[in-house]
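What follows is the residue order along each chain.
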Amino acid sequence: MNAKPDSTAPEQKGASVASEIDQLRVIGRPLDGKVPEVDPRDAWTDRKLHYNLVNPNNRRKFKIIVVGTGLSGAGAAAALGELGYDVEVFSFHDMPRRAHSIAAQGGINSPRARKVDNDSIDRFVKDTVKGGDFRGREEDAYRLGEEGIRVINHMQAIGAAFARDYGGQLATRSFGGVQVSRTYYTRGQTGQQLELAAAHALSRQVAAGTCKLHSRQEMLDLIVKDGRAQGIVVRDLVTGKVRALTAHAVVLCTGGYGNVYYKATLAKNSNATAIWRAYKRGAYFANPCFVQIHPTALPLMSKWQSKKTLMSESLRNDGRIWAPRKKKDDRDPNTIPEAERFYFLEERYPAFGNLVPRDVASRNIRERIDAGYGVGPLHNAVYLDFRTGIERLGVKLIRERYSNLFNMYEELTGEDPYKTPMRITPSVHFTMGGLWTDYDQMTSIPGLFIGGEASWAYHGANRLGANSLLSCCVDGWFTLPYAVPNYLAGLLGQEPLALDDQAVQDTLKGVQDGIDHLLNIGGSHGADHFYEKLGAIMDRYASVSRDPEGLATAIGLIRELRQEFWRDLKVVGSADRLNQELETAGRVADYLELAELLCIDALDRDESAGAHFRTDHEIGGEAKRNDEDWCFCSAWEYPGAVSAKPIRNFEPLTFRAVPLQQRNYK
């Protein structure tokens, strides 16, 4: 929603917004990210050197809970199991390989510089920090690049079948926001191949007895005692049984919160319950307003569609994005003359063209659609055209690179993309925000570690394509296996918390009381009724563009909707059996709270940065940062009650290797 013009003077409007923000949040304290005070290039090496170690004979004495079996969770569990720790793994899927990591199709970055195109770790860091609009840790980006070089060989060794070029070397391609070729891929199935490899590695540890796998178990709360994370409470999704498990440390790798928007590219079961319940136990939530809108999703063709479908960013290597120069041009796109086609990304950003970062592409696509130049039955898309790529490379090579993506598009739309341009539109896809962690990937609750998209690390205000699979693999295989033992070393000789401990019993009771409350409201509408309403609010006021008035409106509407939810929710069935209505109700209850915090964060962050585009802070349609006042990570603290003001703590960000600069992709 665009800001409404009015006659209020800028200084008056700013004072009004500031006053409104003061009513919504409390300013907290600065946070120490525990980043080594060395050159950013040496930070990870220095940190590893000073980590505490656990003797191999002592490792079996430590129990670690890992929640989630995607790339980060399966990798962390398998690596820790291989090291000799006692690992318990939880997934709400029936098997590990169902995790949503399989949906990341396009590729995985690695600055191995095999193309002789002047790539390097320093260039990777520059692209990542700049792509994230200078709102992530520079040192984290260096760790991502350094360990990213190892990831490709490791994943290939455990079974990932990467594509190869004519000479037999691993093939690469480009992704948005870069001018080199560093993305390794397996056609359009990269996430699937990596996830299968990680799931097999986890299965090997299950067979070896170092890991115990618990399927169809959903985490509903975190057990905290003496200020430390010491276990979780889960519900068996088949039998309904609620139980507690304790451990020396807990690792959450449960994905992002993009489904707060109702219709996103995420799998329908992907949810935010694990990280949100941890937030309510004391873990800080970082930058919730940093939500990525992916430019190449399929447009909705009916309100009955349950979700949106992602078309990989890799398609932008050989596909050209355009819109007709005439409004509501419903002609067959193949009959529209070249002079009447507006290749707007190529014209506006000649240096990067169709491979601009995702936030830039999404804003420009949305601008064309909102201006009346959208195409398709609902005029809610633009074209992604492969005619030039096919003429240049031939159908055979295009099919080798993208065949499964083209097949999927044809199955979903009934149109052949080899002959007719695809229709694409922006859609919520990835969340750069997540639980705040220090450099050791530990949250504000000692003993609670985070990996993958559930964390805020690496990406800043906008994630570069193919850095998602990389960050998950780096977290799981090469960071958490160092950082978790460093914490455990200080607990040698301590047993996990007893199951009859009062803290465990109180947490169990709280979960059961929450389930009973959902079942006993006795209203007239199912959870999806409220969920869809929430999605409409978020799409309108907190999507590609935001403005203060719209965000303030959204906060009020979300609060009203949450009251309606707790007054009029109807959950059929019982708690002692499979009950997907009950599952959905619990997740929607969390979304209603998370959505409010997201909008508060977006209203509080009085600047534009990456995917957080405030229409009151822009220069010629580009994001205008405010480095003087906002060069920090917002880490929100739960105040103890949903109705109380959240507390915004903050971690200052410094940039020594990549100086602060206005992004320019032209």
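Residues numbered from 1 in each chain as written. Predicted model: local features only at pLDDT ≥ 70, side-chain atom pairs only at ≥ 80, totals over all residues. Heavy atoms only, no water.

Draft legend 1. Spatial organisation of the layout of surface pockets. Of the voids in this model, the second largest pocket is the one considered here, and its volume is about 750 Å³. With seven residues, the single largest contributor to the lining of the second largest pocket is helix H9 (residues 358-373). Split into classes, the residues belonging to the lining of the second largest pocket amount to 12 nonpolar, 10 polar and 12 charged. Residue assignment places the lining of the second largest pocket across two domains, with domain 1 (297-428) and domain 2 (500-652) each supplying three or more. (1 Å grid on protein atoms, 1.4 Å probe; cavity = no way out; pocket = protein on both sides within 12 Å on 5 of 7 lines; lining within 4 Å. Points joined across faces, edges and corners; volume = space filled by probe spheres on them. Helix = DSSP H or I, 4+ residues; strand = E, 2+ residues; numbered from the N terminus. Nonpolar A, V, L, I, M, F, W, Y, C, P; charged D, E, K, R; others polar. Domains from an automatic or database assignment.)

Draft legend 2. Representation of the pattern of salt bridges within the structure. Following the criterion strictly, the structure yields 52 salt bridges and no others. Put simply, Arg625 and Asp133 hold a salt bridge, and the shortest N to O gap is 2.7 Å. Pair noted here: Arg625 is in the loop between strand S21 (622-623) and helix H17 (627-630) and Asp133 is in the loop between helix H4 (121-131) and helix H5 (138-157), with a separation of 492 residues, a long-range link. Side by side, Arg625 and Asp133 carry an identical accessibility label, which is buried. Between Arg320 and Glu346 there is a salt bridge; the shortest N-O distance is 2.8 Å. Here the residue Arg320 occupies a position in strand S14 (residues 320-324), and Glu346 occupies one in helix H8 (residues 344-348), the gap between them amounting to 26 residues. Among the charged side chains, a network of salt bridges with common partners joins Asp133, Arg135, Asp359, Arg363, Arg605, Glu607, Arg625, Asp627 and Arg663. (Salt bridge = Lys/Arg side-chain N within 4 Å of Asp/Glu carboxyl O. Buried < 20%, exposed > 50% of the residue type's maximum accessible area, 1.4 Å probe, protein only.)

Draft legend 3. Geometry of the sheet that holds strand S12 (residues 285-286). Strand order in this open sheet of five strands is S1-S23-S22-S12-S18, and the pairing throughout is mixed. Across the chains shown, the open sheet's two edge strands, defined by having one partner strand only, are strand S1 (26-30) and strand S18 (434-435). Sheet topology note: the S1/strand S23 (residues 647-652) ladder contains three bridges and is parallel. What sits directly across from Val26, in S23, is Ile647. Along the sheet face, helix H16 (residues 580-604) touches S12, strand S22 (632-637) and S23 and points at about 145 degrees away from the line of S22. (Pairing = 2+ DSSP bridges. Contact = heavy atoms within 4.5 Å. Axes fitted to C-alpha atoms, helices over the stretch in contact; angles between N-to-C directions.)

Draft legend 4. The domain arrangement of the protein chain, seen in detail. When cut into domains, the protein chain gives domain 1 (297-428) and domain 2 (500-652). With centres defined by C-alpha atoms, the gap from domain 1 to domain 2 works out at 32 Å. Surface buried jointly by domain 1 and domain 2 totals about 570 Å² across both partners, of which 53% is contributed by carbon and sulfur atoms. For the interface between domain 1 and domain 2, the tally reads two residue pairs in polar contact (both at pLDDT 80 or more). Considering only residue class, the side of domain 1 that touches domain 2 consists of one nonpolar, one polar and three charged. (Buried area = accessible area lost by both parts, 1.4 Å probe. Polar contact = N/O pair within 3.5 Å; in protein donor to acceptor, adjacent residues only side chain to side chain.)

Draft legend 5. Seen up close, the environment of Thr210. Among the structural elements, Thr210 can be located in the loop between helix H6 (190-208) and strand S7 (211-214). Taking the C-alpha atoms as reference points, Thr210 and Ala602, 392 residues apart in sequence, are found 43 Å from one another. Among all residues touching Thr210, those that are not within four sequence positions of it are Gly81, Glu82, Tyr85, Asp86, Val87 and Gln205.

Draft legend 6. Representation of the confidence of the model for the protein chain. For the protein chain, the mean per-residue pLDDT works out to 95, and 97% of the residues sit at or above 70. In the predicted structure, residues 1-11 sits below a pLDDT of 50 and forms 13 contacts with residues beyond four places in sequence or in another chain. (pLDDT = per-residue confidence, 0-100.)

Draft legend 7. The arrangement of the pairing of strand S13 (residues 291-297) in detail. Summarising burial for S13: seven of the seven residues are buried, a large majority. Relative to strand S17 (residues 422-431), S13 is paired through five bridges, and the arrangement is antiparallel. The partner of Ala297 across the bridge, within S17, is Thr425.

Draft legend 8. Inspection of empty space enclosed by the protein at higher detail. On inspection of all chains with the given rule, the structure shows three cavities of 30 Å³ or more. Counted as a void, the largest cavity has a volume near 150 Å³. Forming the walls of the largest cavity are 14 residues, and the residues nearest its centre are Tyr279, Glu593, Glu596, Val642 and Pro646. Counting residues per element, the ones that place at least two in the lining of the largest cavity are helix H7 (273-280) and H16. The element best represented in the lining of the largest cavity is H16, accounting for four residues. Looking at side-chain class alone, the lining of the largest cavity contains 11 nonpolar, no polar and three charged residues.

Draft legend 9. Local environment of helix H3 (residues 71-83). The end-to-end C-alpha distance of H3, which contains 13 residues, comes to 18 Å, matching closely the 18 Å that a straight helix rising 1.5 Å per residue would cover. Burial of H3 is extensive: 11 of the 13 residues sit out of reach of the surface. The complete set of buried residues in H3 reads Leu71, Ser72, Gly73, Ala74, Gly75, Ala76, Ala77, Ala78, Ala79, Leu80 and Gly81. Buried residues along H3 sit in contact with strand S2 (63-67), strand S3 (86-90), H5, H6, S7 and helix H12 (467-488). Taken from the residues just after H3, Gly84 is the one with a positive phi, measuring 110 degrees. (Expected span 1.5 Å × (residues − 1).)

Draft legend 10. Region of the structure containing the packing of helix H15 (residues 548-568) against H16. Across the interface, H15 lies against H16 with an axial gap of 9 Å and an inter-helix angle of 160 degrees. Between H15 and H16, the interaxial angle falls into the category roughly antiparallel. Crossing of H15 over H16 shows left-handed handedness. Taken together, the residues of H16 that come into contact with H15 (itself represented by Pro548, Leu551, Ala552, Ala554, Ile555, Ile558, Arg559, Leu561, Arg562, Phe565 and Trp566) are Ala585, Val588, Ala589, Leu592, Glu593, Ala595, Glu596, Cys599, Ile600, Ala602 and Leu603. Taken together, the residues of the contact of H15 with H16 sort by class into 18 nonpolar, no polar and four charged. (Parallel < 35°, antiparallel > 145°, perpendicular 65-115°, else oblique. Left-handed = near helix turned anticlockwise from the far one by under 90°.)

Draft legend 11. Representation of the sheet that holds S3 in the model. What the five strands build is an open sheet, ordered S7-S3-S2-S11-S19; its pairing is parallel. Every interior strand has two partners, whereas the edge strands, S7 and strand S19 (448-450), have only one. Within the sheet, the average angular offset between the axes of one strand and its neighbour, ignoring direction, is 20 degrees. Taken together, the five bridges between S2 and S3 define a ladder with parallel strand orientation. Directly across from Lys63, in S3, lies its bridge partner Asp86.

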